[in-house]
Amino acid sequence: MFVIRTPILVRGDIAISTVLFFCSEFPMNCILETYVPSLANLPVGSLQPWEVTSGLEQLISEWITRLGEEYTVTDGVAVHRDAVIAPNTTIRAPAIIGPGCHIGANAFLRNGVYLASGVHIGIGCEIKSSILLEHSAIAHFNYVGDSIVGRSVNLEAGAVVANHFNEREDKVIHVHFEGKRCSTGVEKFGAVIGDETKIGANAVLCPGTLLPPGSIVKRLSLVEQDKSFDPPAVE
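Here we summarise the structure given alongside this text. (Residues numbered from 1 in each chain as written. Predicted model: local features only at pLDDT ≥ 70, side-chain atom pairs only at ≥ 80, totals over all residues. Heavy atoms only, no water.)

## Let's talk about the overall build of the protein
Part 1 of the argument: Counting its regular elements, the protein contains 4 helices and 23 strands.
Part 2 of the argument: A buried classification covers 51% of the 235 residues belonging to the protein.
Part 3 of the argument: For the protein, restricting intrachain contacts to residue pairs at least 6 apart in sequence, the fraction spanning at least 24 positions comes to 39%.
Part 4 of the argument: Surface summary for the protein: the accessible area is close to 10,800 Å², and the carbon and sulfur share equals 54%. (Helix = DSSP H or I, 4+ residues; strand = E, 2+ residues; numbered from the N terminus. Buried < 20%, exposed > 50% of the residue type's maximum accessible area, 1.4 Å probe, protein only. Contact = heavy atoms within 4.5 Å. Areas by Shrake-Rupley, 256 points an atom, 1.4 Å probe, with all protein chains shown as cover.)

## Section: the pattern of salt bridges
Part 1 of the argument: Scanning all chains against the criterion turns up 7 salt bridges.
Part 2 of the argument: Across the salt bridge formed by Asp195 and Arg151, the nearest N and O atoms sit 3.5 Å from each other. Of this pair, Asp195 sits in the loop between strand 18 (191-193) and strand 19 (198-199) while Arg151 sits in the loop between strand 13 (148-149) and strand 14 (154-155), placing them 44 residues apart in sequence.
Part 3 of the argument: When its relative accessible area of 6% is taken as the criterion, Asp195 is described as buried.
Part 4 of the argument: Of the charged contacts in the structure, one is a salt bridge between Glu196 and Arg151, with a shortest N-O distance of 3.4 Å. Of this pair, Glu196 sits in the loop between strand 18 and strand 19 while Arg151 is found in the loop between strand 13 and strand 14, placing the two residues 45 residues apart along the sequence.
Part 5 of the argument: Several salt bridges share partner residues, and in doing so they unite Arg151, Asp195 and Glu196 into one network. (Salt bridge = Lys/Arg side-chain N within 4 Å of Asp/Glu carboxyl O.)

## Considering the packing of aromatic side chains
Part 1 of the argument: Inspection of every chain in the model, using the stated rule, returns 3 aromatic pairs.
Part 2 of the argument: Consider the rings of Trp50 and Phe189, whose centres lie 5.7 Å apart with planes at 80°: the pair is edge-to-face. A residue pair is termed long-range when its members are at least 10 positions apart, and Trp50 in helix 3 (residues 49-54) and Phe189 in the loop between strand 17 (180-183) and strand 18 qualify at 139 residues.
Part 3 of the argument: Residue Trp50 is classed as buried on the basis of its relative accessible area, which comes to 0%. (Phe/Tyr/Trp six-rings, centres within 6.5 Å; stacked < 30°, edge-to-face > 60°.)

## Details of the sheet that holds strand 22 (residues 216-217)
Part 1 of the argument: Within the open sheet, the 7 strands sit side by side as 4-7-9-11-14-19-22. Their pairing is parallel. If you trace the sheet from one side to the other, it starts and ends with strand 4 (84-85) and strand 22, each paired once.
Part 2 of the argument: Bridge analysis of strand 9 (residues 120-121) against strand 11 (residues 137-138) gives 2 bridges, and the strand direction is parallel. Looking at the pairing, His120 lines up with Ala137 of strand 11. (Pairing = 2+ DSSP bridges.)

## A closer look at the side chain of Arg168
Part 1 of the argument: Its location among the elements puts Arg168 in the loop between strand 15 (160-161) and strand 16 (174-177).
Part 2 of the argument: For Arg168, the side chain forms a polar contact with the main-chain oxygen of Asp226, separated by 3.1 Å. (Polar contact = N/O pair within 3.5 Å; in protein donor to acceptor, adjacent residues only side chain to side chain.)

## Regarding the environment of Glu187
Part 1 of the argument: Position of Glu187 relative to the elements: it lies in the loop between strand 17 and strand 18.
Part 2 of the argument: What makes Glu187 partly exposed here is its relative accessible area of 41%.
Part 3 of the argument: Sequence separation between Glu187 and Asn166 is 21 residues, and the spatial gap between their C-alpha atoms is 9.5 Å.
Part 4 of the argument: Setting aside its immediate chain neighbours within four residues, Glu187 contacts Asn163, His164, Lys171, Val172 and Ile173.

## A look at the environment of Ala105
Part 1 of the argument: Tracing the backbone shows Ala105 in the loop between strand 7 (102-103) and strand 8 (108-115).
Part 2 of the argument: For the pair Ala105 and His140, spaced 35 residues apart in the sequence, the C-alpha separation amounts to 9.8 Å.
Part 3 of the argument: Contact partners of Ala105, with chain neighbours within four places excluded, come to Ala86, Pro87, Thr89, Ile123 and Gly124.

## Brief notes about the side chain of Ser147
Part 1 of the argument: Here Ser147 is to be found in the loop between strand 12 (143-145) and strand 13.
Part 2 of the argument: Given the relative accessible area of 0%, Ser147 is considered buried.
Part 3 of the argument: Here the side chain of Ser147 touches Ala191 through a polar contact of 3.0 Å, landing on its backbone nitrogen.
Part 4 of the argument: With near-sequence residues (within four places) excluded, Ser147 lies in contact with Thr53, Lys128, Ser129, Ser130, Ile131, Val161, Gly190 and Ala191.

See the structure below:
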């Protein structure tokens, strides 16, 4: 049996509308079109990636209303009849679990999660406010926060997609795209991981990471694209 829990607080569209100011120098949706073209199958409009993840609870709640009879909806969690969910899994609404998905034991999905068809979530994984597209696999004991994961992406065991700079005084996350450093205006944003990317075991993607399609991240690697902060050395 798995557990479905409804959210204590559902965010409205304020987060979406307030972020638009910060990246006016980027053509709308150009990041998603470049890194995750397969996301075009979802109705996200012209939102930037961090706008999608910040408003994902509201978006998924709307998408659930359009699903067909092949989904069973219980307290804001929609599960396709062909999906397999192992025991001791906790899914907090809203969430959509697509056809052919497999979620391993003791996984934790929260704050708006969308799994497209054939996604595999291994045991002990935590997924927060994220979209995972077709046939991607999160091996086991991973954390993926506030991220958009493309099609046929693979994360080996222990790889982490971090979504917050707890060590910085200024916690607003920036991304680097086409030679420009851009403020997202948010303090919680993980990564955009391009289609068919492979991420090795125990690698860490820092907040604001953008990986183009077909990227390979070696095991134990740290991907830190915004190096504007240099923490003091630990003696």
